[in-house]
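Report on the structure
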Amino acid sequence: MLLSRRLRRQTLGMAPDQLRTMYGHHEAVLHSIGEGLVVFGEGESAELVNDEARRLLDLEDAPVTRASVPESMRSMDTGIVRGELHLTDSRILFVDQYPVMWEGTRLGQVLSIRDRTELQNVMGELDSVRSFAESLRSQAHESANRLHTVITMVELGRSEEAVEFATADLEFCI
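These remarks concern the structure in this document. (Residues numbered from 1 in each chain as written. Predicted model: local features only at pLDDT ≥ 70, side-chain atom pairs only at ≥ 80, totals over all residues. Heavy atoms only, no water.)

1. Digging into the sheet that holds strand β2 (residues 46–49)
What the 5 strands build is an open sheet, ordered β2-β1-β5-β4-β3; its pairing is antiparallel. Edge positions in the open sheet fall to β2 and β3 (81–87), since each of these has one partner strand only. The average undirected angle you get between the axes of adjacent strands in this sheet is 25°. Judged from the 5 bridges that link them, strand β1 (residues 36–40) and strand β5 (residues 105–115) form a sheet pairing that is antiparallel. Residue Phe40 lies in a different strand from β5, and its bridge partner there is Gln109. (Pairing = 2+ DSSP bridges. Helix = DSSP H or I, 4+ residues; strand = E, 2+ residues; numbered from the N terminus. Axes fitted to C-alpha atoms, helices over the stretch in contact; angles between N-to-C directions.)

2. Quick word on a nonpolar patch on the surface
Residues Leu12, Trp102 and Leu107 make up a contiguous nonpolar surface patch of roughly 330 Å² in combined accessible area. Given a relative accessible area of 40%, Leu107 falls into the partly exposed group. (Patch = residues over 30% accessible without salt bridge, like charges linked within 9 Å, V, L, I, M, F, W, Y side chains within 5 Å. Areas by Shrake-Rupley, 256 points an atom, 1.4 Å probe, with all protein chains shown as cover. Salt bridge = Lys/Arg side-chain N within 4 Å of Asp/Glu carboxyl O. Buried < 20%, exposed > 50% of the residue type's maximum accessible area, 1.4 Å probe, protein only.)

3. Structural notes on the pattern of salt bridges
The tally for this structure, following the rule as stated, stands at 9 salt bridges. Across the salt bridge formed by Glu52 and Arg55, the nearest N and O atoms sit 2.7 Å from each other. Taken together, the positions of Glu52 and Arg55, both in helix α3 (residues 51–56) and 3 residues apart, correspond to about one turn of that helix. For Arg55, a relative accessible area of 40% translates into the label partly exposed. Across the pair Asp61 and Arg54 runs a salt bridge whose closest N-O atoms are separated by 3.9 Å. A residue is classified by how much of its surface remains accessible, and Arg54, at 18% relative accessible area, is buried.

4. Quick notes on helix α1 (residues 2–10)
With 0 of its 9 residues buried, α1 lies for the most part at the surface. Where α1 ends, the next residue or the one after it, Leu12, has phi of about 55°, a positive value.

5. Considerations on the side chain of Asp115
Inspection of the secondary structure puts Asp115 in strand β5. At 3.3 Å, the side chain of Asp115 and the side chain of Arg91 are in polar contact. Those residues in contact with Asp115, other than ones at most four positions away along the chain, are Arg55, Leu56, Arg91, Ile92 and Leu93. (Polar contact = N/O pair within 3.5 Å; in protein donor to acceptor, adjacent residues only side chain to side chain. Contact = heavy atoms within 4.5 Å.)

6. A closer look at the nonpolar core
Membership of the largest hydrophobic core comes to 16 residues, with the highest contact counts inside it found for Val38, Val49, Leu57 and Ile113. Those elements that provide at least two residues to this core are β1, β2, α3, β4 (92–102) and β5. Setting aside chain neighbours within four positions, we find Val38 in contact with Ala46, Leu48, Val49, Ala53, Leu57, Gln109, Val110, Leu111 and Ile113. (Core = buried A, V, L, I, M, F, W, Y, C linked by side-chain atoms within 4.5 Å.)

Structural data, given as structure tokens:
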């Protein structure tokens, strides 16, 4: 009876089949989310590393220690960190860090890692496209002004001057 009570207390009152189901769900979620997760306990080894964290941090399929993560992440503050930017050799990462607490005791910390490399590349391309569109708009405006000049000259009966102006403008563009 004492053993049963102790087991129920340690498993939060869950039966073995409930624990098995919860573990299956836990594994499926950890390996399917699009963010990297690394959970460190009080020791140097990570207690949990999902597939995305291994990919983002270029970690091999071996035990992960604090020394395995980039230097900038090792030197982060031990408290809550939100949206801190970290650069690796090939990526731009945003990292969140939260302490793992249980009944008022700190058990470790969770690193949540998001890749922003593609976003930065897309933002750079968007800026280029905006600049190009602005340049095209400016050229279209300039061209419209010249065309209005030619039309005004024709309306005023100065067609020879209009032809000279248009020809000079055309030679300038070529």
